Each structure stands twice: as structure tokens, then as C-alpha cells.
Amino acid sequence: LAKTTQPISMDSYEGQEVNITCSHNNIATNDYITWYQQFPSQGPRFIIQGYKTKVTNEVASLFIPADRKSSTLSLPRVSLSDTAVYYCLVAYTSDYKLSFGAGTTVTVRA
Amino acid sequence: DVKVTQSSRYLVKRTGEKVFLECVQDMDHENMFWYRQDPGLGLRLIYFSYDVKMKEKGDIPEGYSVSREKKERFSLILESASTNQTSMYLCASRRGTSSYNEQFFGPGTRLTVL
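Residues numbered from 1 in each chain as written. Chains lettered and ligands numbered in written order. Predicted model: local features only at pLDDT ≥ 70, side-chain atom pairs only at ≥ 80, totals over all residues. Heavy atoms only, no water.

Comments concerning the side chain of Thr72 of chain A
All names here are of chain A.
Next, step 1: Within the fold, Thr72 resides in strand β7 (residues 70–75).
Next, step 2: Residue classification places Thr72 among the buried positions, given a relative accessible area of 19%.
Next, step 3: Of note is the side chain of Thr72, whose polar atom sits 3.1 Å from the side chain of Thr21.
Next, step 4: Apart from the residues lying within four places of it in its own chain, the contact partners of Thr72 are Asn19, Ile20, Thr21, Ser61, Leu62 and Phe63. (Helix = DSSP H or I, 4+ residues; strand = E, 2+ residues; numbered from the N terminus. Buried < 20%, exposed > 50% of the residue type's maximum accessible area, 1.4 Å probe, protein only. Polar contact = N/O pair within 3.5 Å; in protein donor to acceptor, adjacent residues only side chain to side chain. Contact = heavy atoms within 4.5 Å.)

Right, here's the structure in full:
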């Protein structure tokens, strides 16, 4: 059974870089990794997606090593408004299963 | 602006009641999903639908059923609500059938079963 795991929580301070690693041992070549952000009383929203090497957008970067058994979401210079729960999702093309991690609560302090 | 709406933000029901949770999307998406979200467990897929009148079981379908009579609407039904179904329920939609396409989520319905 495919399983996606991530740390339960992380604390940081404003201006620091936050890195959240997601483990996905059963990932296949064409399976994508997607990260979502969720604020209280809202549904998750898309942040970034990739399937190899590195992807960067205006919000975050996603690093995927060659073996693809894990991936790291990087949030540069966080602010208080980045306090949220971050979910890693792997979409498995082999059986079309969607495997969400349990979520990482990131708390940014002043 | 794309939108997924859910019929209620908060709902309180009694054990044994039949409960309907409604979800509507305005993006003409083919795929729609129902998840439940519990502390420490993240999002778990209950059911999903690839298109109108089509449905597939997710990871935790027991105690639930779904209906998709129109493309924009996906309903989750609790035939006989139980206290262990107290949870946050999230609906999502997605364009096309590519598993990597972005999902758009509604705000959630917090259901309490007494």
C-alpha cells in the first residue's frame, strides 16, 4: 500500500527558510508530487508540483532527488502569513490512487 | 475566479439520520472528489467521480454513498449517520482525467453527529 509521510509540525521565525520533506517510497517514474497549503476554515490550495529535479515558482521550490523516494518543499523567507498546514500528495499513475500525507503544521513566529 | 462551494459550513445531526452533503463547482470539471479530514490523518478519499453518473470508491467508502446526476454537482450521502462520522468533509474538483492536474477544494463542511 502506497504511503506518503511527512513531519507533523515545524516551527520557524520570520525571514527564515522552511524545508518540509515528504517520503514516498513507492513512487514510479511518471508519478507527480504536489503540495497544497491549507489555512484554518479553508480548503487546501495548490502551491507547487513536479516529478523530477527542481521546480520553482513565485511561492516555493520543490526539490526531487534522483531516486524520487522523497521530495522537499522549500518556502523561502517565510512570514507570519505562511503559518498553515502543508500537505504532500502523490498521484500514482499505476492505479490512479491519490495518497495525501497527514499534513505538516508550520508555525511562523515573529 | 474558479469556485467550489459546499452547501453548509457547519452541520449537526443525530445518530441514525440520513445526511446529504452537497458540492457544486463552476469550472466544468469532469472529476470530483469527497474527502474527510481528521487530525493526524490528513485527507482521506471517500469517493470520486470521473464524470456524470460515474463513481469510484476511495480508501474509506464504508458508510457513505455518492450521487453525480449533473456535471457540476457531487453529493455525499451518509445513509445512517454515526458518531464516528463526525469530521470535516472536503469536496474538490479537477479538470480532465490526468491524475496530476490541480484539485480545487471547497471550504469544507464540519459535520457533528450526536
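On we go from here.
Quick word on the pairing of strand β4 (residues 31–38) of chain B
Each regular strand shows side chains that alternate between the opposite faces of the sheet.
All names here are of chain B.
Next, step 1: Counted residue by residue, β4 has eight buried out of eight residues, so it is predominantly covered.
Next, step 2: In this structure, β4 lies alongside strand β9 (residues 87–94), joined through seven bridges in antiparallel fashion. Looking at the pairing, Trp34 lines up with Cys91 of β9. (Pairing = 2+ DSSP bridges.)

With respect to the interface of chain A and chain B
Next, step 1: Taken together, the contacts link 19 residues of chain A with 19 residues of chain B.
Next, step 2: Taking both partners together, chain A and chain B bury about 1600 Å²; carbon and sulfur atoms supply 55% of that area.
Next, step 3: Its largest share of buried area at the contact with chain B, chain A owes to Pro44, Leu98 and Phe100 of chain A, together 31% of the area lost on that side.
Next, step 4: Counting across the chain A and chain B interface gives zero salt bridges.
Next, step 5: Joining chain A to chain B, the criterion identifies four residue pairs in polar contact (both at pLDDT 80 or more).
Next, step 6: Looking at the side of chain A that touches chain B, the elements with two or more residues in it are β3 (32–38), β4 (45–50), β8 (84–91) and β9 (98–100) of chain A.
Next, step 7: Taken together, the residues of the side of chain A that touches chain B sort by class into eleven nonpolar, seven polar and one charged. (Buried area = accessible area lost by both parts, 1.4 Å probe. Salt bridge = Lys/Arg side-chain N within 4 Å of Asp/Glu carboxyl O. Nonpolar A, V, L, I, M, F, W, Y, C, P; charged D, E, K, R; others polar.)

Shape is all these values report; function is a separate question.
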